[in-house]
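Close look at the chain arrangement
Below are the chains, spelled out letter by letter.
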Amino acid sequence: MAQLNINGRNYEVNVEADTPLLWAIREQVGLTGTKYGCGVAQCGACSIHLNGEVVRSCALPVAAIKPGDRITTIEGLSKDSSHPVQKAWAAIDVPQCGYCQSGQIMAAVALLAKKPKPTDKDIDEAMTNICRCGTYHRIRAAVHMAAGGKFAAAVTADQQNA
Amino acid sequence: MNDLMNPGQAPKISRRKFLVGGAAAGSGLVLGFHLPFGIGSAAAQGAAADAEVNIWVVVKPDDTCVIRIARAEMGQGTLTGLAQLVAEELECDWKKVSTEQITAGQNLARKRAWGVMSTAGSRGIRESQDYVRRGGAAARMMLLQAAANEWGVPVGELRVANGVITHSGSGRSTSYGKVAGAAAKLTPPDPKSIQLKAVKDWKIAGKGLRRLDTADKLNGAKVYAIDLKMPGMLHATVKDCPVYGGKLLSFDESKVIGMPGVKRVMKINDSTVAVVADTWWRAKKALDALPIVWDEGPHAKVNSASIAKHLESGLTSSDAFADIDTGDAPKAIAASAKKIEAVYSVPFTSHTTMEPMNCTVKLSPDKSEIWIPTQNAEASLAALSSSSGQPLEKCEVYVMDLGGGFGRRIGNQDVVRQGVAIAKAFPGIPVKMVWSREEDQAHDFYRPIAQARMAAGVDDKGNLTGLHIRVSGQSINAFANPAAIKDGKDRRQLQGLWPQPHDAQFGYTHANLRTEYAMRNTHLPVGPWRGVNTNQNGIFSECFMDEVAKLAGRDPLEFRRALMSERPKHLGVLNAAAEKAGWGKPLPKGVFRGIAQFMGYGSYSAAVAEVSVSAKGEVKVHRCVFALDCGNVVNPDQTAAQIEGSVAYGMTTLQSEISVANGRIVETNFHNFRVMKIAEMPKVEVILPVTGDFWGGVGEPTICVVVPAILNAIHAATGKPVRSLPLSKQGLTLV
């Protein structure tokens, strides 16, 4: 049994302690926006925020979650897809198949929280999620677009949410 | 990226969703459809007034036009493009368009009214554009006729725009939603009376509109097959013998059956064991802990080196056939002032879709159902029927949008057969089977391995005297479709080197030209991989062309042009890419260009890459410029997106391969199958110099010029040709 605070709500999940957080989120809590891609923290499809930091939930056991830890998933990023990163992603039509994009968006939000005006090099270093459709070109453009918008306020909102 | 500069012009889509449940529920009553998720809803009852004007168009009372889609959406944008084509002829309000995926059962029940559902070979738009546009036009004619009947005026006096019909004589107006019920009862127009709009008059098609299916991909709302939840659902995962051709001998169920949530450990075919549990993670954990004994079979000692040797034997063997055989290329080359010969090799590679293989199967006494990300719903239906034992009419395939396809989910319905074999043990209960990434890497249908012996000669003026291409490698048809091999000649492996026009024609002509193929199969299963055989054949042709140009002392662009006077469309894109890239103009110090052109999927592609190579062998691709002539463009922004994607998918083959040791696949996950990331992604510029006189594909054509353009730039930078991949074999790394 573990206590998880996800998107501002508390959940009790009945899982073995070594269950990766990803599978607790998907199978016990029922939030499926966070994806399984590799299980070994390589691809980033499972990216979530833990206390505002981006982490790969497929390799993080539930036992590592401490009381008071705040988890944010893609579903908790905004109520109506109004986060500047989501809006930039929509404006540029970033997704193709879309499977990796929850993780890409969570990584981008975390990057912009730390570096509101990231350089291309910052993006290269922070955005290590894999996309097989090859949307990288537009991800880069969308991160810059989000950084140029009213991003500061939204980051604050996200951090509060997280 | 055409519309990126003015995204404000794009229609707002945030309030519109890609309707799977809702729209289908509405039409469910009209057509007697089974609802996609097997759930009857109140919404369905309230939607009785939705009118199916024809098979492509359902109009709701609120004027929403639901456009039916028969092809699969895997990110390539076909869904939006097909909707644009129907909406263009329908003259409806684009802001009120939604789409609905038909099922394989619906298509079967209506005698394949929606035509082919297979989504492969970049055919989704080009091979259905005519009949979907006719469907939109016929619906428009019926809607106008219904208004004309109601008002008692000649239909020729009516005008329509954005789904609003007006009669200027009487000042009356109505909307599609109001007349759709009456329109649905009319006799469809004579097909001969349907006149499609000229492309120059398009207002919706041909524009870089935003995709219809983006909103749910931004907030976690989109339900992929892997995300399905159903009451009582069980979860399964499988392990197939890691050596192809091997068998499952035994497993010790007692070691895992007591683990939390585990319901069943079962052999599902000669070589595969499955664990079924109450959650996927528990099934996976138990499968990892399960002691399994394999009979590794006859291929347990095969490795990449033995496979390479096998292919080498095909480079000079007498069992090849010639496809193009003009003049006498070997003789002409032998008599040349200068000659060159080179052996190229390209390894296996994997599809590695981000969403691993999966399906959910529910077998009931009177019905077999599967929810699956499939590129070929009708092949899935056939596999479901044959493996469940139920007739086709009692089977249903719900096509879930795919988390990547790239050719993996087309022909071989291995996933269906496995899912059904497991579900048979749990009648009436939905069972979701999901592969681990490791299983996905180890049991793909890989892009075929190939080698080529290339030979050419030039005269003392630097003109080509002859070109001889011998390809040796594995055949997709021999594995997947032997009936397609006529007279022992598998021409498919020479895709892109064909003499015939329209599909994948070789871009060069010469008095002495020979292309040959020698089949050399391995124990690995192979299949189509985005671009299929144009990938390796494009590398062989285009990289060697640079070697020959160098031998002739000529510029690679100018050398190519001299061989392309009979190939105006190939030449057209080559010139367009060269001009856009500034071929011949100065570059920053240390940056070099490479160029390539090739044809596949009915479209003409060319690329120029700008690359630098450090002293340590670090390869940086700075910029890629593409020209694609696909004849007509339905959505230029999504066409650009496909080209951008082809860069990343192609460039991954510069740094990763699928190799074999002891009969097994070595690259088991992303740590050793390194997929290109954003840091390596170059700038991509796209021009679409379309000629408008044909319909070519978009999803695959450009990938075959990505790698050769980059390799030619590396050659220019280092002075050394790159003849084998991945780059690590030359001491080079992508950065």
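Residues numbered from 1 in each chain as written. Chains lettered and ligands numbered in written order. Predicted model: local features only at pLDDT ≥ 70, side-chain atom pairs only at ≥ 80, totals over all residues. Heavy atoms only, no water.

**Remarks on the overall build of chain A**
Along its length, chain A carries six helices and five strands. The N-to-C order of helical and strand elements in chain A reads β-β-α-β-β-β-α-α-α-α-α. Over its C-alpha trace chain A gives a radius of gyration of 15 Å, about what one expects of a compact globule, namely 15 Å for 162 residues. Taken over 162 residues, chain A has a buried fraction of 61%. (Helix = DSSP H or I, 4+ residues; strand = E, 2+ residues; numbered from the N terminus. Rg over C-alpha atoms; globule rule 2.2 N^0.38 Å. Buried < 20%, exposed > 50% of the residue type's maximum accessible area, 1.4 Å probe, protein only.)

**Quick word on the interface of chain B and chain A**
Of the residues lining the interface, 63 residues belong to chain B; the matching set on chain A comes to 51 residues. Both faces considered, chain B and chain A share a buried interface measuring about 4,800 Å² in area, 56% of it formed by carbon and sulfur atoms. Three residues, Leu218, Met354 and Ile678 of chain B, lead the burial of chain B against chain A; their summed loss comes to 18% of the area buried on that side. Where chain B meets chain A, there are six salt bridges. The partner of aspartate 227 of chain B in a salt bridge is arginine 26 of chain A, and the shortest N-O contact between them spans 2.9 Å. At the junction of chain B and chain A, the tally comes to 31 residue pairs in polar contact (both at pLDDT 80 or more). Within the residue set of the side of chain B that touches chain A, elements represented by two or more residues are helix 7 (280-289), helix 12 (437-442), helix 17 (636-655) and strand 27 (683-687) of chain B. (Contact = heavy atoms within 4.5 Å. Buried area = accessible area lost by both parts, 1.4 Å probe. Salt bridge = Lys/Arg side-chain N within 4 Å of Asp/Glu carboxyl O. Polar contact = N/O pair within 3.5 Å; in protein donor to acceptor, adjacent residues only side chain to side chain.)

**Quick word on the packing of helix 3 (residues 78-90) of chain B against helix 5 (residues 129-151) of chain B**
Residues and elements named next belong to chain B. Helix 5 packs onto helix 3 with a crossing angle of 35° between their chain directions and a minimal axis gap of 7 Å. The crossing of helix 3 and helix 5 is right-handed. The residues of helix 5 that touch helix 3, namely those facing Leu82, Leu85, Val86, Glu89 and Leu90, are Gln129, Val132, Arg133, Gly136, Ala137, Ala139, Arg140 and Leu143. By residue class, the composition of the contact of helix 3 with helix 5 is eight nonpolar, two polar and three charged. (Axes fitted to C-alpha atoms, helices over the stretch in contact; angles between N-to-C directions. Left-handed = near helix turned anticlockwise from the far one by under 90°. Nonpolar A, V, L, I, M, F, W, Y, C, P; charged D, E, K, R; others polar.)

**Observations concerning the packing of aromatic side chains**
For the coordinates displayed, the defined rule picks out 16 aromatic pairs over all chains. Measuring from ring centre to ring centre gives 5.9 Å for phenylalanine 445 of chain B and phenylalanine 479 of chain B, while their planes differ by 45°; the resulting arrangement is tilted. Here phenylalanine 445 of chain B is found in the loop between helix 12 and strand 19 (450-458), whereas its partner phenylalanine 479 of chain B is found in helix 13 (residues 476-480), with 34 residues between them in sequence. You can call phenylalanine 445 of chain B buried: its relative accessible area is 11%. Residue phenylalanine 479 of chain B is classed as partly exposed on the basis of its relative accessible area of 36%. Site record: aromatic cluster; members linked through ring pairs are Trp23 and Tyr36 of chain A together with Trp280 of chain B. In this structure, lysine 222 of chain B is placed above the aromatic ring of tyrosine 224 of chain B, and the distance from its NZ or CZ to the ring centre is 5.7 Å. If you follow arginine 264 of chain B out to its NZ or CZ, it ends over the ring of phenylalanine 426 of chain B, 5.0 Å from the centre. (Phe/Tyr/Trp six-rings, centres within 6.5 Å; stacked < 30°, edge-to-face > 60°. Lys NZ or Arg CZ within 6 Å of the ring centre and 35° of its normal.)

**Comments concerning the sheet that holds strand 2 (residues 57-59) of chain B**
All names here are of chain B. The strand order across the open sheet formed by four strands is 1-2-3-4, and the pairing between neighbours is mixed. What marks the edges here is a single partner per strand, and that holds for strand 1 (51-54) and strand 4 (97-101). The sheet shows a mean angle of 30° between the axes of neighbouring strands, taken without regard to direction. Both strand 2 and strand 3 (residues 65-69) contribute to a ladder of three bridges, which runs antiparallel. Each bridged residue has a counterpart across the sheet, and for valine 59 the counterpart in strand 3 is cysteine 65. (Pairing = 2+ DSSP bridges.)

**Examining the sheet that holds strand 14 (residues 338-346) of chain B**
Residues and elements named next belong to chain B. Across the sheet, five strands lie side by side as 13-21-20-19-14; this open sheet has mixed pairing. In this open sheet, the two strands that pair with only one neighbour each are strand 13 (321-326) and strand 14. Looking at each pair of strands side by side, their axes are set apart by 10° on average, direction ignored. Pairing of strand 13 with strand 21 (residues 513-519), which is carried by four bridges, proceeds in the antiparallel orientation. Opposite aspartate 325, over in strand 21, you have arginine 514 as the bridge partner. The strands that helix 14 (residues 534-552) touches are strand 14, strand 19 and strand 20 (464-473); relative to strand 14, the one it contacts most, it runs at about 155°.

**Some remarks on the nonpolar core**
A general feature of soluble globular proteins is that nonpolar side chains tend to end up buried together. If you look at the biggest cluster of nonpolar residues, it comprises 152 residues, and the most contacted ones within it are Trp89 of chain A together with Leu711 and Leu727 of chain B. At 10 residues, helix 18 (residues 703-718) of chain B tops the list of elements feeding residues into this core. Excluding residues within four positions of it along the chain, leucine 727 of chain B makes contact with Val619, Leu654, Leu711, Ile714, Val722, Leu732 and Leu734 of chain B. One finds Ala51, Ile102, Met266 and Ile268 of chain B within the second-largest nonpolar core, a separate group that totals 81 residues. (Core = buried A, V, L, I, M, F, W, Y, C linked by side-chain atoms within 4.5 Å.)

**Overview of the domain arrangement of chain A**
All names here are of chain A. Under the domain assignment, chain A is made up of domain 1 (2-76) and domain 2 (84-161). Using only C-alpha atoms to locate each centre, domain 1 and domain 2 end up separated by 20 Å. Opposite the 18 residues of domain 1 that make contact, domain 2 presents 16 residues. Carbon and sulfur atoms make up 50% of the surface buried where domain 1 meets domain 2, a total of about 1,500 Å² over both sides. With a closest N to O distance of 2.9 Å, glutamate 53 and lysine 114 form a salt bridge. Here domain 1 and domain 2 share eight residue pairs in polar contact (both at pLDDT 80 or more) between them. At the level of elements, strand 3 (47-50), strand 4 (53-56) and strand 5 (70-72) are the ones that each hand at least two residues to the side of domain 1 that touches domain 2. For the side of domain 1 that touches domain 2, a count of residues per class yields six nonpolar, eight polar and four charged. (Domains from an automatic or database assignment.)

**Focus: helix 18 of chain B**
With 16 residues, helix 18 of chain B should cover 22 Å at 1.5 Å per step; its first-to-last C-alpha distance of 24 Å lies within 8% of that length. Buried residues dominate helix 18 of chain B, accounting for 13 of its 16 residues. (Expected span 1.5 Å × (residues − 1).)

**Some details on unusual backbone geometry**
Here the residue pair leucine 725 of chain B and proline 726 of chain B is connected by a cis peptide bond, since its omega of -5° sits within 30 degrees of zero. The topology assignment puts proline 726 of chain B in the loop between helix 18 and strand 28 (733-734). Although it is not a glycine, asparagine 51 of chain A sits at a positive phi angle of roughly 50°. Along the chain, asparagine 51 of chain A turns up in the loop between strand 3 and strand 4. Positive phi is not limited to glycine here, since aspartate 63 of chain B has a value of about 80°.

**Points about helix 16 (residues 568-581) of chain B**
Residues and elements named next belong to chain B. With 14 residues, helix 16 extends 20 Å between its outermost C-alpha atoms, agreeing within 8% with the 20 Å of an ideal straight helix rising 1.5 Å per residue. Those residues of helix 16 lying buried are His570, Leu571, Val573, Leu574, Ala576, Ala577, Ala578 and Ala581. A positive phi of about 75° marks glycine 582, the residue just after helix 16.

**A few points about the packing of helix 3 (residues 101-114) of chain A against helix 5 (residues 136-148) of chain A**
All names here are of chain A. Between helix 3 and helix 5, whose axes approach to 11 Å, the crossing angle comes to 40°. Overall, the two elements helix 3 and helix 5 adopt an arrangement that is oblique. Note that helix 3 runs across helix 5; the crossing there is right-handed. Facing Gln101, Gln104, Ala108, Leu111 and Leu112 of helix 3, the residues of helix 5 in contact are Ile139, Val143, Ala146 and Ala147. Residue composition of the contact of helix 3 with helix 5, grouped by class: seven nonpolar, two polar and no charged. (Parallel < 35°, antiparallel > 145°, perpendicular 65-115°, else oblique.)

**Focus on the environment of leucine 111 of chain A**
Residue and element names in this part refer to chain A. Structurally, leucine 111 can be placed in helix 3. Given the relative accessible area of 7%, leucine 111 is considered buried. Along the sequence, leucine 111 and glycine 52 sit 59 residues apart, while their C-alpha atoms lie 10 Å from each other. Not counting chain neighbours up to four residues away, the residues in contact with leucine 111 comprise Pro118, Asp122, Ile123, Ala126, Met127 and Val143.

**Structural notes on the domain arrangement of chain B**
All names here are of chain B. What the domain assignment lists for chain B is domain 1 (2-217), domain 2 (225-297 + 357-434) and domain 3 (304-349 + 446-734). Interface area for domain 1 against domain 2, summed over the two sides, is near 1,700 Å², with a carbon-plus-sulfur share of 58%. Viewed at the interface, domain 2 and domain 1 are joined by one salt bridge. Note that arginine 112 and glutamate 378 form a salt bridge whose closest N and O atoms lie 2.8 Å from each other.

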